[in-house]
Amino acid sequence: QDALVESSFVREEVEYEEAATLYNLGSAHSIVGEREGRADDDSLKQACTQFQCAAWVFQTLRERYAQFENANDMHGDLCRFYYSLMLVSICALPEFYPSQAQECVTEKSMLDGRPPALTAKLTKFLAESYDYCWNQLNAQTLASILPEKFLRDWKRLVLVKKLVYSALTNYFLAMDAAAKMKFGPGVTWLKQADIEITEAAKVAQAASNASNSPRFSAPLLVVVNFAQNVISSSCKNAIKDNETIYHERVPPLAELEAVKGANVAKPTPFDHTDPEVIGQDIFKDLLPIETLEASSMYSEMKADFLRKILAEVEEKDVALG
């Protein structure tokens, strides 16, 4: 059954069975990762591991199997899209499914109070990744195979995350500039961050108003509004301080050096035929009743024959005394 349009079809290739098993494993890993609370280091690591495994699955599906006719849910471009989503994780916007791995690393960087320049590189990669996903959703291939209800909601959510992480990148660059006593560039970064987070809030509000999934849209809007309050207040304070205290030139954004994104999340391969991964064979005890009856009769005949032989041996032993 196609996971996107819920249409059933029959295939005879054994390769499709393996591909379907992998697809389900990837989905299972992403769901387990999404359900992690990520309130502590252990939970963050567990979520990250699950998303990395899911990323490997969708990468493998795309590389190992060609497009299956009438199976749009396994389309190569869609698997590439899933793979990209799995490697960018779900930290600042934890209600967007599917969850991914880079965001877990970014969240930990924020929680650990790492240098702003480092966190900016992590969020920059997230912004670039969501920009790629955004372009993929607007490409003709995915637009032609995804149902409208998926395409519309995914576009909104991906656009929100793209804008949010771009805003966070500029915010952390501003924090880094302030730490280096570069208040003029800091104002520039914060102004750009304020523009992007304001746009993200508008899109998130529209998504919340139109969404049929309040479990996702409502928390998304709360998080974006919180980020907007933090960034907007920081921007106002930075402008005020620079105008009244530092009097530094505020350069245009084009003059500032762009930060390069850092990707620290990689797919984690595993053996999908390992019983520890997929469990024991569910058909190992499944035999026709005729086979079970014949096996039982054979076992009884063998035991009866063995009893007769042992009785004869014992009788001869006694005779030889």
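Values in this document were obtained by computation on a predicted structure and should not be read as measured data. Each chain has its residues counted from 1, running along the sequence as written. At least 70 in pLDDT is required for a residue's local features to be given in this predicted model, at least 80 for side-chain atom pairs to be given and counted, and no such filter applies to totals for whole chains, interfaces and linings, which use all residues. Heavy atoms throughout the structure, all of them, feed into the side-chain values; hydrogens and water do not.

A.B. asks: I would appreciate a short explanation of the layout of surface pockets in the present structure.
C.D. replies: Where empty space is left in the structure can be found by rolling a water-sized probe over the atoms. Its boundaries defined by the atoms lining it, the second largest pocket holds a volume of some 310 Å³. Residues are called lining when one of their atoms sits within 4 Å of a cavity or pocket point, these points coming from a 1 Å grid over the protein atoms alone, where a cavity is a set in which a 1.4 Å probe fits but cannot get out and a pocket is an open set with protein on both sides within 12 Å along at least five of seven lines. If you go around the second largest pocket, you meet 13 residues; those closest to its centre are Leu173, Asp176, Lys180, Trp189 and Glu257. Runs of E in the DSSP output that reach at least two residues are strands. Runs of H or I that reach at least four are helices, and both are numbered from the N terminus. Of all elements in the fold, only α5 (116-138), α7 (148-179) and α8 (183-210) reach the threshold of two or more residues within the lining of the second largest pocket. Sort the elements by how many residues they give to the lining of the second largest pocket and α7 lands first, with three residues. Grid points are joined across faces, edges and corners, and a volume is the space filled by probe spheres set on the points.

A.B. asks: Can you help me understand α7 in this one?
C.D. replies: Along an α-helix, residues three or four positions apart point the same way, because every turn accommodates 3.6 residues. Over its 32 residues, α7 extends 46 Å from the first C-alpha to the last, a length consistent with the 46 Å expected when each residue adds 1.5 Å. Met181 lies just past α7 and shows a positive phi near 65°. In this analysis, the expected span of each helix is defined as 1.5 Å times one less than the number of residues it contains.

A.B. asks: Would you mind going over a nonpolar patch on the surface with me for this structure?
C.D. replies: Where nonpolar side chains cluster on the molecular surface, the patch consists of Ile282, Phe283 and Leu286 and spans about 380 Å² of accessible area. The cut-offs for exposure are 20% and 50% of the maximum accessible area for each residue type, with area from a 1.4 Å probe on protein chains only; residues under the lower value are buried, those over the upper are exposed, and the others partly exposed. By relative accessible area, Ile282 is classed as exposed at 69%. Candidate patch residues must exceed 30% relative accessible area and have no salt bridge, after which like charges are joined if within 9 Å and Val, Leu, Ile, Met, Phe, Trp or Tyr side chains if within 5 Å. Accessible surface is estimated by sampling points in the Shrake-Rupley manner with a 1.4 Å probe; for residues, cover comes only from the protein chains shown. Throughout this description, the term salt bridge denotes a Lys or Arg side-chain nitrogen within 4 Å of a carboxyl oxygen of Asp or Glu.

A.B. asks: Even after reading the chapter, I still don't get the packing of aromatic side chains, so can you show me in this structure?
C.D. replies: The way to describe two aromatic rings as a pair is by their centre distance and the angle between their planes. Working definition: a ring pair exists when centres of Phe, Tyr or Trp rings (six-membered ring for Trp) sit within 6.5 Å. Plane angles under 30 degrees give stacked, over 60 give edge-to-face, the rest tilted. Inspection of every chain in the model, using the stated rule, returns six aromatic pairs. A ring pair is formed by Tyr130 and Tyr165, whose centres lie 6.0 Å apart and whose planes are at 5°; its orientation type is stacked. Taken together, the residues Tyr130 in helix α5 and Tyr165 in helix α7 connect sequence positions 35 residues apart. Looking at Tyr165, the relative accessible area reads 0%, which means it is buried. Summarising the aromatic geometry, the rings of Phe150 and Trp154 are spaced 5.5 Å apart at their centres and angled 65° between planes, so their arrangement reads as edge-to-face. With Phe150 and Trp154 both in helix α7, this residue pair falls four residues apart, about one helical turn.

A.B. asks: Just checking my understanding: could you explain the pattern of salt bridges for this structure?
C.D. replies: As a working rule, side chains carrying opposite charge can pair if their charged atoms are close by. Applying the stated criterion to the full structure yields eight salt bridges. Taking the shortest distance from any N to any O, the salt bridge between Asp304 and Arg307 comes out at 3.4 Å. One end of the pair is Asp304 and the other is Arg307, both in helix α11 (residues 289-320) and three residues apart, which spans about a single turn. A residue is classified by how much of its surface remains accessible, and Asp304, at 32% relative accessible area, is partly exposed. Via salt bridges that share partners, Glu300, Asp304, Arg307 and Lys308 belong to a single interconnected network.

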